[in-house]
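Results of the structural survey
Residues per chain, in single letters:
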Amino acid sequence: GAGVSQTPSNKVTEKGKYVELRCDPISGHTALYWYRQSLGQGPEFLIYFQGTGAADDSGLPNDRFFAVRPEGSVSTLKIQRTERGDSAVYLCASSLDTYNEQFFGPGTRLTVL
Amino acid sequence: ILNVEQSPQSLHVQEGDSTNFTCSFPSSNFYALHWYRWETAKSPEALFVMTLNGDEKKKGRISATLNTKEGYSYLYIKGSQPEDSATYLCAFDNQGGKLIFGQGTELSVKP
């Protein structure tokens, strides 16, 4: 069956611009997670949703980052006023429910010039 | 702050060599330890989910062990092949929903 998909696969933007990254989870998965992997580091948790609500957003680095999941399926990670330090691979994962195995998408590589 | 450490950071081996890497994690509030294999431009692929102290799991030439009392897990690859080249990530799961990853071990296998 279809796995987790993320679009775009690559995004290059200029400092100060706004970007949106999209995640399509596996159908029927109620939990959805966003992670960010910066160069030389492991993925770091950003936020996770159970259904439509953000169950834990403690990993969002500051108020420039925001994520939504309005219908409990597709999620969008939004970054305002991008900075060079936001350059990273943004990974999305979904699971059947919280505490179940997480399945990852291929990531979006964001480059801020 | 929960800390997950992996070593070595990178490893270069010849085809046919056997190799192993380490993941250390907090020994308290343990729920599960996950191993993932991540090839460039692909999705991280789940290898093992380990939950019980003393657990040993195997998938083909890859196996993993778990010691929750001392907070470490080993991943072994027997007879490495070029297609094993990838970054191997471990992630600590304290049943809080989010996974806490180590920085990964980048394996390169030369033919």
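Source: prediction; values computed, not measured. (Residues numbered from 1 in each chain as written. Chains lettered and ligands numbered in written order. Predicted model: local features only at pLDDT ≥ 70, side-chain atom pairs only at ≥ 80, totals over all residues. Heavy atoms only, no water.)

Let us now look at the overall build of chain A. Per the secondary structure count, chain A includes 0 helices and 11 strands. Starting at the N terminus and walking to the C terminus, you meet the elements of chain A as β-β-β-β-β-β-β-β-β-β-β. Relative to the globule expectation of 13 Å for 113 residues, the C-alpha radius of gyration of chain A, 13 Å, shows essentially globular dimensions. Taken along the three principal axes of its C-alpha coordinates, chain A extends 35 × 25 × 25 Å. In chain A, which comprises 113 residues, the share counted as buried stands at 45%. Taken as a whole, chain A presents about 5,400 Å² of accessible surface, with 47% of it coming from carbon and sulfur. Of the side-chain charges in chain A, 11 are positive and 12 negative, and the distance between the mean point of each set is 9 Å. (Helix = DSSP H or I, 4+ residues; strand = E, 2+ residues; numbered from the N terminus. Rg over C-alpha atoms; globule rule 2.2 N^0.38 Å. Buried < 20%, exposed > 50% of the residue type's maximum accessible area, 1.4 Å probe, protein only. Areas by Shrake-Rupley, 256 points an atom, 1.4 Å probe, with all protein chains shown as cover. Lys, Arg positive; Asp, Glu negative; His and termini not counted. Charge placed at Lys NZ, Arg CZ, Asp CG, Glu CD.)

Another point: the sheet that holds strand β8 (residues 72-77) of chain B. Residues and elements named next belong to chain B. Spatially, β1-β3-β8-β7-β6 is the arrangement adopted by the 5 strands of the open sheet, whose pairing is antiparallel. Each of the sheet's edge strands pairs with one partner strand only, and the pair in question is β1 (5-7) and β6 (56-59). Averaged over all neighbouring strand pairs, the angle between strand axes comes to 15°, with direction disregarded. Bridge count between strand β3 (residues 19-24) and β8: 6 bridges; the pairing is antiparallel. Counterpart to C23 in the pairing with β8 is S73. (Pairing = 2+ DSSP bridges. Axes fitted to C-alpha atoms, helices over the stretch in contact; angles between N-to-C directions.)

The next point concerns the layout of surface pockets. Approximately 800 Å³ is the volume attributed to the largest pocket. Lining of the largest pocket is provided by 31 residues; of these, Q37 and R109 of chain A together with W38, T40 and T87 of chain B occupy positions nearest its centre. Counting residues per element, the ones that place at least two in the lining of the largest pocket are β9 (88-95) and β11 (108-112) of chain A together with β9 (86-93) and β11 (105-110) of chain B. Looking at the lining of the largest pocket, the element that brings in the most residues is β11 of chain A, giving 4 residues. Its residues assigned to classes, the lining of the largest pocket comprises 9 nonpolar, 18 polar and 4 charged. When residues of the lining of the second largest pocket are traced back to their parent elements, those giving at least two are β5 (44-50) of chain A together with β10 (100-101) of chain B. By residue number, the principal contributor to the lining of the second largest pocket is β5 of chain A, which donates 3 residues. Here the residues of the lining of the second largest pocket are counted per class, giving 10 nonpolar, 3 polar and 3 charged. (1 Å grid on protein atoms, 1.4 Å probe; cavity = no way out; pocket = protein on both sides within 12 Å on 5 of 7 lines; lining within 4 Å. Points joined across faces, edges and corners; volume = space filled by probe spheres on them. Nonpolar A, V, L, I, M, F, W, Y, C, P; charged D, E, K, R; others polar.)

Listed per partner, the contact involves 18 residues of chain B and 20 residues of chain A. Carbon and sulfur atoms supply 61% of the area that chain B and chain A bury against each other, a total of about 1,500 Å² over both sides. Three residues, W38, K98 and F101 of chain B, lead the burial of chain B against chain A; their summed loss comes to 31% of the area buried on that side. In this assembly, chain B and chain A are joined by 1 salt bridge. Where K98 of chain B meets D56 of chain A, a salt bridge forms, and the shortest distance between an N and an O atom there is 3.9 Å. (Contact = heavy atoms within 4.5 Å. Buried area = accessible area lost by both parts, 1.4 Å probe. Salt bridge = Lys/Arg side-chain N within 4 Å of Asp/Glu carboxyl O.)

Turning our attention to the sheet that holds strand β3 (residues 19-24) of chain A. Residue and element names in this part refer to chain A. Pairing within the open sheet is antiparallel, and its 4 strands lie in the order β1-β3-β8-β7. Of all the strands in the sheet, the pair left with one neighbour each is β1 (5-7) and β7 (65-68). Between one strand axis and the next, the sheet turns by 15° as a mean value, whatever way the strands run. Here β3 pairs with strand β8 (residues 75-79) via 5 bridges, running antiparallel. Residue pairing across strands places E20 opposite K78, the latter belonging to β8.

Turning next to empty space enclosed by the protein. A water-sized probe rolled over the atoms picks out the places where empty space is left. Counting across every chain of the model gives 1 cavity of 30 Å³ or more. As for the largest cavity, its lining consists of Y33, Y99, N100 and Q102 of chain A together with H34, D93, G97 and L99 of chain B. Here the lining of the largest cavity is built from residues that sort into 3 nonpolar, 4 polar and 1 charged.

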